[in-house]
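Residue-level structure breakdown
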Amino acid sequence: MTYLRYELLRTVRNRRFFIISLAIPVVIYLIVAASSHAKNLPGTGIPLKVYFMVSLAVFGSMNAVLGAGTRIAAERTTGWNRQLRLTPLSTRAYFGTKVFTGYAVAGATIALLYVVGAGFGVRLGAANWLEMTGYLLVGLVPFAALGILLGHLVTADAVGPTVGGASALLAFLGGVWFPVGTSGVLYYVAQALPSYWLVQASRVGLGASGWGREGWLVIGIWTFGAARLAMRAYARDTGRA
Amino acid sequence: MSVGVETGIALRGLRKTYRTSDGPIEAVRGIDLDIAAGQTLALLGPNGAGKSTTIDMLLGLSRPDAGTVTVFGGTPEEAVAAGSVGAMLQAGALMRDLTVRELLLQLASLYPHAEDVDKTLELVEITQIANQRTQKLSGGQSQRVRFAMALLTNADLLVLDEPTVGMDVESRHAFWTTMRRLASGGRTVLFATHYLEEADEFADRIVLMAHGEIVADGTPNEIKAKVGSRTIRATLPDVPASDLESLPGVTAVERRGAGVVLACSDSDAAVRALVAAFPEAHNIEIGGGSLEAAFLELTA
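Here the structure is a predicted model, which means the values were calculated and not measured.

On to the overall build of chain A. A tally of helices and strands in chain A yields 11 helices and 0 strands. In chain A, the succession of α and β elements from N to C terminus is α-α-α-α-α-α-α-α-α-α-α. Since a compact globule built from 241 residues should have a radius of gyration of about 18 Å, the 18 Å found for chain A is in line with a globular shape. Counting only residues that meet the buried cut, chain A has 42% of its 241 residues in that class. A separation of at least 24 residues holds for 79% of the contacts in chain A among residues at least 6 apart in sequence.

Set out below in structure tokens:
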């Protein structure tokens, strides 16, 4: 518990990471929401301030959870993880702390966007808020595994661009910034991505229904696959069987 | 042979080869070593002797290609998980964004019998930097913090990989004074060094490594006696060291200006041969062996 407390403190103090995860989504939202009063997303009845609130919640929380990888890569490069491996801290607790920290920042990002959104007059039913948040938190699981995987594959120098690039690509293809439509190649590609389903999770707040069987399957497969690869990368990295 | 295996450390047939772009490097080539609990052992050797590789395997940080490691009757991982190991690794940065005290508090929370953080800060004399962020420390300060991290564990086994590298003479002295005080508590201490005087003064056993193998093992006095090493000093300008090295009984030659220092395995034979071959040699002195001479002879 003490260990986790200082890990969180450390994360909050790391300005760069905290700004990217918390401030940037909010700033983008402020710009978009302030300039789009009462306008709707073209072709739909969804106000832009609602649409972008949930989209940025997706983008911000995704980056927050992937950020675990950035911290793991930094610790590997400086040799700190060697030091940690000589403490009684178990591998499970090490990753547990990283994932929890990622989720804590993700939770803060989502909450902050909700508050700012509400300040701009976004009104949703209590059930919508809760259901959307629940789906988001589950939808972030494969990203936590992806973050750990990247953290063990890439060095600290390269992890910024790699995680940033992966998140931008996943966000773009998954339909974070604009709807991917309901047909065409992009649509089929998108459906295989966890980011698409994270976006669908956020649409629950706009009154859409939750994931069908396909959504759960894609999230499950990505989680399982990334976790397996992450374990292999970890074993190779530490010379353990 | 098996003394202390239950309570101490046993390395059996350890081997490790690294693959590099210049081909494989055999870093450790078959090491057998028993360390009884409570012993202070220096792993002494030049750079590239395989000391750090051996330590990594002992700590479970890397897997041996062959051989086994037993620490307090179990695997290194089990000993680490039980909090029985405190280690000071070579180099490596500290985790950033925490103060020294916070970092130590975080680590202390992981150990079942951790030492009090403020007491440790005092012991290592870093109380005055306790509230500084770790990324703002000087090299010497970081070194002390890493020492504090090892002591904080209150572990039965302390492993220190070249702990005084980069310290000035004063810090080095302070470091060993602290260590000496702590070692009296029945702790097992293993440290790697390439400073002969550190091994000589502090360890009660020296294991000398060269080229991935153990070349000598004993108390500092035994090591000196084992090589029966004596040195011959003489003033003898203008003779190449290689000519002197080929004299019988001579194991190593060092030139110091007009003088030469011959490390000898048989100083009687060497002095006779020296005088016969180079009648111009004068100011000849024969002295008892220094650890340095033994070191030169055994690791060559």
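What follows covers the confidence of the model for chain B. Residue and element names in this part refer to chain B. Mean pLDDT over chain B works out to 87, with 93% of the residues at or above the 70 mark. At the level of individual helices and strands, chain B shows its lowest average pLDDT in helix H11 (residues 291-299), which scores 68, and its highest in helix H3 (residues 100-108), which scores 96. Within the model, pLDDT remains below 50 along residues 1-5, and this stretch shows 10 contacts once partners closer than five positions in the same chain are excluded. Confidence metrics for the complex model read pTM 0.80 and ipTM 0.84.

Time to look at the sheet that holds strand E2 (residues 23-35) of chain B. All names here are of chain B. Reading across from one edge, E2-E1-E4 is the order of the 3 strands in this open sheet, with antiparallel pairing throughout. Each of the sheet's edge strands pairs with one partner strand only, and the pair in question is E2 and strand E4 (66-71). Strand-to-strand twist across the sheet, computed as the mean angle between neighbouring axes with direction ignored, equals 25°. Of the pairings in the sheet, the one linking strand E1 (residues 9-20) to E4 comprises 5 bridges and is antiparallel in character. Within E4, the position partnered with Ile9 by the bridge is Val71. Packed onto the sheet, helix H1 (residues 51-59) meets E1, E2 and E4 and runs at close to 120° relative to E1.

Moving on to the interface of chain B and chain A. Facing the 24 residues of chain B at the interface are 20 residues of chain A. Residue assignment for the side of chain B that touches chain A shows that the elements contributing at least two residues are helix H2 (76-81), strand E5 (85-88) and H3 of chain B. Looking at side-chain class alone, the side of chain B that touches chain A contains 16 nonpolar, 5 polar and 3 charged residues.

Below, the discussion takes up the nonpolar core. Counting 90 residues, the largest nonpolar core has Ala148, Val159 and Leu262 of chain B as the members making the most contacts within it. If one sorts the elements of this core by residue count, helix H5 (residues 139-152) of chain B sits on top with 7 residues. When we break this core down by domain, the ones giving at least three residues each are domain 1 (9-224) and domain 2 (227-299) of chain B. Apart from residues no more than four positions distant in its own chain, Ala148 of chain B is found in contact with Leu104, Thr120, Leu121, Val124 and Ile126 of chain B. Of all hydrophobic cores here, the second largest spans 59 residues; its members include Ala33, Val58, Val65 and Leu124 of chain A.

What follows is about the pairing of strand E6 (residues 157-161) of chain B. Within a regular strand, the side chains alternate between the two sheet faces. All names here are of chain B. Taken across its 5 residues, E6 has 5 buried, putting it largely inside the fold. Both faces of E6 are covered, namely the face carrying Leu157, Val159 and Asp161 and the face carrying Leu158 and Leu160. With 4 bridges joining them, E5 and E6 adopt parallel strand pairing. By the bridge assignment for E6, Val85 is matched with Leu157. The sheet contact formed by E6 and strand E7 (residues 188-193) spans 5 bridges and is parallel. Across the sheet, the residue bridging to Leu158 is Val189, located in E7.

Looking now at the confidence of the model for chain A. Of the residues in chain A, 98% reach a pLDDT of 70 or more, and the chain-wide mean stands at 89. Mean pLDDT across the elements of chain A ranges from a minimum in helix H2 (residues 15-34) of chain A, with 84, to a maximum in helix H7 (residues 141-153) of chain A, with 94.

Residues and elements named next belong to chain B. Taken in spatial order, the 6 strands of this open sheet run E5-E6-E7-E3-E8-E9, and their pairing is mixed. Edge strands, defined here as strands with exactly one partner in the open sheet, are E5 and strand E9 (213-218). Strand after strand, the sheet turns through a mean of 15° between neighbouring axes, direction not considered. Note: strand E8 (residues 205-210) against E9, 5 bridges, orientation antiparallel. The residue bridging Met209 from the neighbouring strand is Ile214, located in E9. Where H5 meets the sheet, it contacts E5 and E6, and its direction lies at approximately 170° from that of E5.

Moving on, we get to the packing of H2 of chain A against helix H3 (residues 48-78) of chain A. A packed helix pair is summarised by two numbers, namely the angle formed by the two axes and the spacing between the axes. All names here are of chain A. Where H2 contacts H3, the axes come no closer than 9 Å and their chain directions differ by 170°. Compared by their axis directions, H2 and H3 come out roughly antiparallel. Across the interface between the two elements, Phe17, Ile20, Ser21, Pro25, Ile28, Tyr29, Val32 and Ala33 of H2 pack against Leu48, Lys49, Phe52, Met53, Leu56, Phe59, Gly60, Asn63, Ala64, Gly67 and Thr70 of H3. Grouping the constituent residues of the contact of H2 with H3 by class yields 13 nonpolar, 5 polar and 1 charged.

Once that is clear, we can look at the environment of Pro142 of chain A. Take Pro142 of chain A: it is sitting in helix H7. Apart from residues no more than four positions distant in its own chain, Pro142 of chain A is found in contact with Pro194, Ile219, Trp222, Thr223 and Ala226 of chain A.

Rules behind the numbers
Residues numbered from 1 in each chain as written. Chains lettered and ligands numbered in written order. Predicted model: local features only at pLDDT ≥ 70, side-chain atom pairs only at ≥ 80, totals over all residues. Helix = DSSP H or I, 4+ residues; strand = E, 2+ residues; numbered from the N terminus. Rg over C-alpha atoms; globule rule 2.2 N^0.38 Å. Buried ≥ 20, exposed ≤ 12 C-beta atoms within 10 Å, placed from the backbone. Contact = placed C-beta atoms within 7 Å. pLDDT = per-residue confidence, 0-100. Pairing = 2+ DSSP bridges. Axes fitted to C-alpha atoms, helices over the stretch in contact; angles between N-to-C directions. Nonpolar A, V, L, I, M, F, W, Y, C, P; charged D, E, K, R; others polar. Core = buried A, V, L, I, M, F, W, Y, C linked by C-beta atoms within 7 Å. Domains from an automatic or database assignment. Parallel < 35°, antiparallel > 145°, perpendicular 65-115°, else oblique.

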